[in-house]
Amino acid sequence: MSDQAPLDTRRSRNRLLVAAGAVIVVATYAYLVVAQPAGMADSGTTRAGLIAMAGYVIGAVLIAAGSIHQLPTTTIAMIPVAIAVNIVVGQLVAVLGLPVYLDSIGTVLVSVLAGPAAGVVTGILANVIWGLTLNPIPLPFAVVQVVIAVLAGTAARIGVFRRVYLPPVAGLVTGVAAAVVSAPISAFVFGGATGGGTGAIVGAFQAMGQSLLASTTLQGLLSDPLDKLITFTVVGILLAALPSRFLQRFPFAREHRVVTTAPLAPPPSPSE
Amino acid sequence: MIQLADVSYAYPDSGRFVLEHVDLRIEPGTITGVVGASGAGKTTLAKILSGFIPHVDGGQLSGSVVIGGRDLSGLPLAACVSQVGLVIQNPFNQISGARYTVRGELAFGMENLGTPRDEMASRVAEVAGLLRITDLLDRSPYELSGGQQQLVAIASMLVLRTPVLVMDEPTSQLDPVGTRMVFGVLSRLRGAGTTIVVFEHKPELLHAHADRLHVLAGRRIAASGSPGEILSDPRTDQWGVSATRYTRAARLAREQGLVPAEAPLPVSFEQAAAFFGWSARTRPPSPEDAR
Amino acid sequence: MTRAQFVGTGSPVHRLNPVTKLVALLSILVIVFALPQWWVSAIVVVGVLLPAAVIARCGGPLIAVGGRILLPIVVVLVLVQGLTFPGGRTMVWQWGVLSVTAEGLLFALNVGARIVCLVLASVLLVLTTHPGDLMSALTEAGMSPKFSYIISSTLQLIPAFRSRADAILLAQQARGLAVPRNPLRRIGVMMPLLGPLVLGMFTDVEERGTAMEARGFGSTARRTALEAIPDSTAQRVARWVMPLVAVAAVVVPLVWEVL
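Residues numbered from 1 in each chain as written. Chains lettered and ligands numbered in written order. Predicted model: local features only at pLDDT ≥ 70, side-chain atom pairs only at ≥ 80, totals over all residues. Heavy atoms only, no water.

Moving on, we come to the pairing of strand β3 (residues 31-35) of chain B. Looking down a regular strand, the side chains alternate between one sheet face and the other. Residues and elements named next belong to chain B. With respect to burial, β3 is a largely interior element, five of its five residues being buried. Across the two faces of β3 the burial is the same, with Ile-31, Gly-33 and Val-35 and Thr-32 and Val-34 all buried. Where β3 lies against strand β8 (residues 195-199), four bridges are found, and the strand directions are parallel. The residue of β8 that forms the bridge with Ile-31 is Ile-196. Here four bridges tie β3 to strand β9 (residues 212-217), and the two strands are oriented parallel to one another. Note on β9: the bridge partner recorded for Val-34 is His-214. (Buried < 20%, exposed > 50% of the residue type's maximum accessible area, 1.4 Å probe, protein only. Helix = DSSP H or I, 4+ residues; strand = E, 2+ residues; numbered from the N terminus. Pairing = 2+ DSSP bridges.)

Counting from both sides, the interface comprises 81 residues of chain C and, opposite them, 80 residues of chain A. Between chain C and chain A, roughly 6,900 Å² of surface is buried when both sides are summed, and carbon and sulfur atoms account for 76% of that area. Applying the counting criterion to the chain C and chain A interface returns zero salt bridges. Where chain C meets chain A, there are six residue pairs in polar contact (both at pLDDT 80 or more). (Contact = heavy atoms within 4.5 Å. Buried area = accessible area lost by both parts, 1.4 Å probe. Salt bridge = Lys/Arg side-chain N within 4 Å of Asp/Glu carboxyl O. Polar contact = N/O pair within 3.5 Å; in protein donor to acceptor, adjacent residues only side chain to side chain.)

With that out of the way, let us pick up a nonpolar patch on the surface. All names here are of chain C. A surface patch of nonpolar side chains, amounting to about 1,100 Å² of accessible area, comprises Leu-71, Val-75, Val-78, Leu-79, Leu-83, Val-92, Trp-93, Trp-95, Val-97, Leu-98 and Leu-105. Put simply, the parts of the chain that give the nonpolar patch at least two residues each are α4 (59-84) and β1 (91-95). Counting residues per element, the nonpolar patch draws most heavily on α4, at five residues. By secondary structure assignment, the location of Trp-93 is in strand β1. For Trp-93, a relative accessible area of 52% puts it in the exposed group. (Patch = residues over 30% accessible without salt bridge, like charges linked within 9 Å, V, L, I, M, F, W, Y side chains within 5 Å. Areas by Shrake-Rupley, 256 points an atom, 1.4 Å probe, with all protein chains shown as cover.)

Turning to the sheet that holds strand β10 (residues 220-225) of chain B, a few remarks are in order. Residues and elements named next belong to chain B. The six strands lie next to each other as β6-β7-β8-β3-β9-β10, forming an open sheet whose pairing is mixed. At either margin of the open sheet sits one strand with a lone partner, and together these are β6 (84-87) and β10. Looking at each pair of strands side by side, their axes are set apart by 20° on average, direction ignored. Bridge count for β9 against β10 is five bridges, and the pairing is antiparallel. Counted as the bridge partner of Leu-213 is Gly-225 from β10. Contacting β3, β7 (164-168) and β8, helix α8 (residues 176-191) crosses the sheet at an angle of about 150° to β8. (Axes fitted to C-alpha atoms, helices over the stretch in contact; angles between N-to-C directions.)

Structure below.
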C-alpha cells in the first residue's frame, strides 16, 4: 500500500489525517452542544444520534490511521500488552465492585512512555477489542480515549510524572475533559442509559430539571475525574517501579525526560 | 563471511560497555558456537550480529560488523533481517500472536516480506516436516508446550531462508530428543550452505555439531578454537563454560592421580574410552561371562 | 468471557467475505440512525438480523449475548426516561411523586430500538466472523497491517494475561487476604496485585518487538496472505449497493424536508 510513498508525503498525509479527524470531532461536539438540535426534546427522532456517532467514529478512525503509521515496531509490540492491561484490570475492578472503571491504565502508560500517538492507537483499539470480545457499547466512545491519550502524553511532556503530587492533578483535568467529550454519545446515542448506576444518576439530574445532554455531562463529571485521578496515580507508581533501562528504550520518554530530571550517564570510552 | 573488528558496545545511558574490542571471524557454511557465562553479553552479541544493535536498541557501537561484504551499520534494518535471521531466547516472545494457528504463525514473516502464496505453503510444509511439527500446524501457538513453542519459533525463522542464522539458546526448552533433532536440522542447513551462529551451552552437542567455538568472557572473546580445544581447556570453569561429562570425569581422575597429568582431556565418549584405556579387552567380567 | 465470541458453524453467513459483513453492519447502523423512528430499527431486526442469525445457526448465542448486554440498558432506559424525560408532559401513570410520561416512553422506545439494532448487528458480525479472517480481509482491502497485528495479538494475549491475574488473585487469597469493604482501602489492596502483573507484561515487550522485526514486520514490501479470502461478484456488487442505500437513507429525508 502507500507505505512505499516517500517519507515526506507519508508524514504530511499522516498529519492531514490526524488534523482532519480532530476537526471533525471538534465540529461534531460544537454542533451538538451549541446548536442543540431540536426535536430531541420530544421523541428522540432527530439525527443527533447519527451526527454524534458518525462524527466521533469517523474522527476516531482518521486519527487512528494517521497515528499508527508513525509508530516504530517496539511501540506496536507494546500496544497489545497495554490493551490487555486496560481490559483485564477493567474487568478485575468491575468484579471487585469498585466505584471506578480503571480501564485506561494501559492507555495512559503508553501515552506517557511512547507519546500521545501511541496512546491514541492503544485507546481506540482497546474499544475495538471490547467490541470484538465483550460488548459493542464502548465502541462509539473511542474518541474519548483520544482525549485521554493526548492529555496524558502532554502531561508527560511537560514533566507531570517527575513529581509525585502532580499526576493526580493531571488525572483530574483529563477526567473533566473525558466527561465533557463523552456526554453527547451517552445522551444522543444511548439516551443516558449506558449502565445501571450511571443511568440512575442521569435520571436524577433530569428530574432536577436538567436537559439530557447536561445530565449526561454532569453524570460524567461525577465519575470520570475520580477515575482518571486514580488511573494517573497508579501510572505514576508503575513508572517509578519500571526498570530505568526499560524506560530508556522509549525515545519519547528519553527525549522529554518524562520520569526523571537526572542527567544522562556520560558516554563511556572503551578501556585501553 | 562475518567479520567483527574491534567492536565495543554500551547500551543507551548505561555508562558502561558490555562488550569491548571484540574481534570475530566466522566462515560461511559453518556452525559456530558462542559460549560463556550468563551475563557475559551473549544476547548483546546476537543482536549485534543481526543488526538489531544499533538499529533498534540504539546505544554506542564502535568498530565494524561486516556480513557478506557489507557493513551492517550502513544497511537499513529491513536489509539486515533479510541477511540474518535471529531466533531470540524466549520462544513465548518470538511468537507474534498475529496469527491464530501455527501454520499462520510460520507464514507471518513471509507474508510481511511479500512471498508468493504457493511458495509460502510449500516452505511451511517443508520446515514443519523437518522439525516434526506438522501435526501442530492447525493448533493455536499459545496452546503449545514450551518445547513445542520453541520448535515453532525456530521454524518461523527457518522458513525465511536467510543466508545467516543467529540463534540465542535455541534449545533451552527442549528435551534431549528435541535438542538432538534441532542440531541435526542445523547440520543439514550447514550442508546446504547456511552460516549458523548458535549461542548455546550444551557441550556435547557443540562438540558433535559445531565447527568452531568462541568463548565470551570478561566482555571480550577470551578464546577461540575447535570445540575439542575449547571444551577441554583448563579454563572452562573460569569462563563459566560447562565441560562435557567425560571431561569432568577425566579431570577428577587426574586430580586424584588416577591418570597421567599430561594426557589431553577427552571431550567425547570415544576420547574418554581411549583416555581411560577402555576397550573390549579391558571390559570387566560380567556374570554372563562366567557361565 | 474475553475470548472473541466467534461460533464457527460454517454457515453461508460465515462464509461471506468479512468485509461484506462489515459494510453491511455499517450500512445498517447509518440507516437506523438516519431514520430514527423505532419501527425502522424493528424492521431491520426482524427482517434482516434475525433471519441472518437463523441462517448462520447463531440464533441462540445472539439472543444470549445480546440479551445480557441489552437487558440492563433497556430497563434503565425505560425507567429513567419514562420517569424523568425533560420533555415529558402527557402523564400515563402516576404513583405518588413518580409519574411516567408518554413522551418519555416514546423517547425510550426510539432510542432503545436503535441500541438493540446496534448491539445485535455488532454481536452477529462477531459471532459469524473469525477475528483473524476479518483482519486479513481488511488488510487486503488496504488497512495497515499494524492494526491487524495489534488486534490479533491482543485477542490472544488477554487469556494468557487473565490466567496470570487469576493466579495472583488466588495467591493473595491463599495468604488470607480479605477484600476490605471500604472502596478506598480496596484500591490499596489492588495495588500490590496490579504492580507485578503489569510490570511482567511490559518487560517482555522489548523482545517481542525484536522478534517481529526479525520477521520483516517493518518491511515495506507489498504484503501477501497465506489464506485466500472468499469473495464473489455478487458480494462486490453488494459492497457498493449497501452503502448507497445508507446514503439514500441520509439524503432522502433531508430532501423531503426541504421540499
